[in-house]
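Below, each chain spelled out in residue letters.
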Amino acid sequence: MSQDSIVIVYEQNGEERPMWAPHLFHDLYYNGFPADRLFLLDGGLERWQADGGAVTSAVTEKPAPGNFRIANIR
């Protein structure tokens with residue numbers, strides 16, 4: 001993950017630990033990840049699919065190593 005990445009945090013259907021996504025969102029924001037590049041998918045993956053959002057099972061390429069470092073704790 002890099003400073004210029006767009007991060008979308010969401011929960012999948014049937015998560016054992018509900019509410020981990022908002023906690024991760026908060027942790028990333030608190031530790032300085034740019035707020036304008038950080039998103040929380042309201043309703044999780046289940047709602048996204050119910051609303052007709054596209055999903056894929058295609059394997060993606062491994063991302064390049066990121067450069068995000070905790071610098072400014074809010």
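Residues numbered from 1 in each chain as written. Predicted model: local features only at pLDDT ≥ 70, side-chain atom pairs only at ≥ 80, totals over all residues. Heavy atoms only, no water.

**Looking at the side chain of Glu11**
Moving on, step 1. Following the sequence through the fold, Glu11 ends up in the loop between strand 1 (7-9) and helix 1 (20-30).
Moving on, step 2. Look at Glu11 and you get buried, because its relative accessible area is 18%.
Moving on, step 3. Reaching out from Glu11, the side chain makes a polar contact with the backbone nitrogen of Trp20 at a distance of 3.1 Å.
Moving on, step 4. Look past the residues within four positions of Glu11 in its chain and what remains in contact with it is Pro18, Met19, Trp20, Ala21, Pro22, Gly44 and Leu45. (Helix = DSSP H or I, 4+ residues; strand = E, 2+ residues; numbered from the N terminus. Buried < 20%, exposed > 50% of the residue type's maximum accessible area, 1.4 Å probe, protein only. Polar contact = N/O pair within 3.5 Å; in protein donor to acceptor, adjacent residues only side chain to side chain. Contact = heavy atoms within 4.5 Å.)

**Points about the confidence of the model for the protein chain**
When pLDDT is low, close inspection of the predicted coordinates is not appropriate.
Moving on, step 1. Summarising the model, the protein chain shows a mean pLDDT of 87, and 93% of its residues fall at 70 or more.
Moving on, step 2. The least confident element of the protein chain is helix 2 (residues 44-50), whose mean pLDDT is 88; the most confident is strand 2 (residues 38-40), at 93. (pLDDT = per-residue confidence, 0-100.)

**Details of the nonpolar core**
Moving on, step 1. The biggest cluster of nonpolar side chains holds 7 residues, and these are Val7, Val9, Ala21, Leu28, Phe33, Leu38 and Phe68.
Moving on, step 2. Of all the secondary-structure elements, those providing two or more residues to this core are strand 1 and helix 1.
Moving on, step 3. Residue contacts for Val7: discarding those within four places in its chain leaves Met1, Leu28, Phe33, Arg37, Leu38 and Phe39. (Core = buried A, V, L, I, M, F, W, Y, C linked by side-chain atoms within 4.5 Å.)

**Description of a nonpolar patch on the surface**
Moving on, step 1. A contiguous nonpolar surface patch, about 390 Å² in accessible area, is contributed by Ile6, Ile8, Tyr10 and Phe39.
Moving on, step 2. Inspection of the secondary structure puts Ile6 in the segment before strand 1.
Moving on, step 3. With a relative accessible area of 55%, Ile6 lands in the exposed category. (Patch = residues over 30% accessible without salt bridge, like charges linked within 9 Å, V, L, I, M, F, W, Y side chains within 5 Å. Areas by Shrake-Rupley, 256 points an atom, 1.4 Å probe, with all protein chains shown as cover. Salt bridge = Lys/Arg side-chain N within 4 Å of Asp/Glu carboxyl O.)

**Some remarks on the packing of aromatic side chains**
Moving on, step 1. What the rule picks out here adds up to 1 aromatic pair.
Moving on, step 2. Considering the side-chain rings of Phe33 and Phe68, the 5.4 Å spacing of their centres and the 65 degrees angle between planes classify their relative orientation as edge-to-face. One end of the pair, Phe33, is in the loop between helix 1 and strand 2; the other, Phe68, is in the segment after helix 2, with 35 residues separating them in the sequence. Summarising the burial analysis for this pair, Phe33 and Phe68 share the class buried.
Moving on, step 3. Sitting above the plane of the Tyr29 ring, Arg74 keeps its charged end 4.0 Å from the centroid. (Phe/Tyr/Trp six-rings, centres within 6.5 Å; stacked < 30°, edge-to-face > 60°. Lys NZ or Arg CZ within 6 Å of the ring centre and 35° of its normal.)

**Focus: the pattern of salt bridges**
Moving on, step 1. Using the criterion set out here, one finds 2 salt bridges in the structure.
Moving on, step 2. Of the charged contacts in the structure, one is a salt bridge between Arg47 and Asp42, with a shortest N-O distance of 3.2 Å.
Moving on, step 3. Since its relative accessible area comes to 41%, Arg47 is described here as partly exposed.
Moving on, step 4. For Asp51, the salt bridge is made with Arg47, and the minimal N-O distance between the two is 3.7 Å.

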